[in-house]
Amino acid sequence: MGLLTGKTALVTGAARGIGKAIALKFAEEGANIAFTDLVIDENGKATEAEIAAKGVKCVGYASNAADFAQTEEVVGKIKEEFGGIDILVNNAGITKDGLMLRMTEAQWDAVIAVNLKSAFNFIHATLPIMMRQKGGSIINMASVVGVHGNAGQANYAASKAGLIALAKSIAQEMGPKGIRANAIAPGFIETAMTAALPDAVRAEWMKKIPLRRGGQVEDVANTALYLASDLSSYVSGQVIQLDGGMNM
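Residues numbered from 1 in each chain as written. Predicted model: local features only at pLDDT ≥ 70, side-chain atom pairs only at ≥ 80, totals over all residues. Heavy atoms only, no water.

Draft legend 1. Molecular detail of the nonpolar core. Membership of the largest hydrophobic core comes to 32 residues, with the highest contact counts inside it found for Ile22, Phe26, Ile33, Phe35, Ile51 and Val89. Taken together, the elements giving at least two residues each to this core come down to strand S1 (8–12), helix H1 (17–28), strand S2 (32–37), strand S4 (87–90), strand S5 (136–141) and helix H9 (217–228). The contacts of Phe35, once residues within four sequence positions are left out, are Val11, Ala14, Ala15, Ile40, Gly44, Thr47, Glu48, Ile51, Cys58, Val59, Gly60 and Tyr61. Of all hydrophobic cores here, the second largest spans 30 residues; its members include Val74, Phe82, Ala119 and Met130. (Core = buried A, V, L, I, M, F, W, Y, C linked by side-chain atoms within 4.5 Å. Buried < 20%, exposed > 50% of the residue type's maximum accessible area, 1.4 Å probe, protein only. Helix = DSSP H or I, 4+ residues; strand = E, 2+ residues; numbered from the N terminus. Contact = heavy atoms within 4.5 Å.)

What follows is the structure, given as structure tokens:
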């Protein structure tokens, strides 16, 4: 019996990267997986097969997380297919970096829509299901820049700070219904994107991290597993900074 056996988890933006790692970790612990991405192409189908190979049910859904109507529709399909939703991970996100003086309205709007409004969309659609089930766990994937800010990322930082405040607010509203909400704020995580950074930039990052290394996607997935499972049954309204001690 895994920590999530019998549960259904919905992970947004999970065809690749951190979202995929979280979905795989949940599947290893027995959860059936529904995941969304903007399109379910060959890569998405491969992710679907990889997760299903863990011995659980897995279906990928093409959906624009920033679109309210599409979200309501896809959550309805997931409820019909899986019977319920016990865990929601709001992972969908993009970056469109730039200094504030040069940032366009389109850059601002796109990041807020995909990173923050998408979480509103999915929470709004899944809460009635969780309320009927008398329980659930909502996890918002934030960032350390949502706690401390970052030059050149005003839009991204604002969206991630919003995800933290959103989780805290939902925790207060839904606690009496047995629904928990928390946020994870990763720091420097080793991904294809960070691997492409110049060595000098990476070295500068490492100086700021007491553990002197970047985190792994597995570290994020393990933290998400903790928050999704009954191991954290008395944890709600919290933000876990997963950054090797970079920001204390």
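Draft legend 2. Representation of a nonpolar patch on the surface within the structure. Taken together, the side chains of Leu3, Tyr226 and Leu231 define a hydrophobic patch exposed on the protein surface, amounting to about 280 Å² of accessible area. Looking at the element boundaries, Leu231 is found in the loop between H9 and strand S7 (239–242). (Patch = residues over 30% accessible without salt bridge, like charges linked within 9 Å, V, L, I, M, F, W, Y side chains within 5 Å. Areas by Shrake-Rupley, 256 points an atom, 1.4 Å probe, with all protein chains shown as cover. Salt bridge = Lys/Arg side-chain N within 4 Å of Asp/Glu carboxyl O.)

Draft legend 3. Spatial organisation of the pairing of S2. Burial within S2 is extensive, with five of its six residues counted as buried. Taken together, the five bridges between S1 and S2 define a ladder with parallel strand orientation. Within the sheet, the bridge partner assigned to Leu10 lies in S2 and is Ala34. For the crossover from S1 across H1 to S2, the handedness is right-handed. Across five bridges, the pairing between S2 and strand S3 (residues 58–62) is parallel. Residue pairing across strands places Thr36 opposite Tyr61, the latter belonging to S3. (Pairing = 2+ DSSP bridges. Right-handed = clockwise from strand over helix to strand, strands pointing away.)

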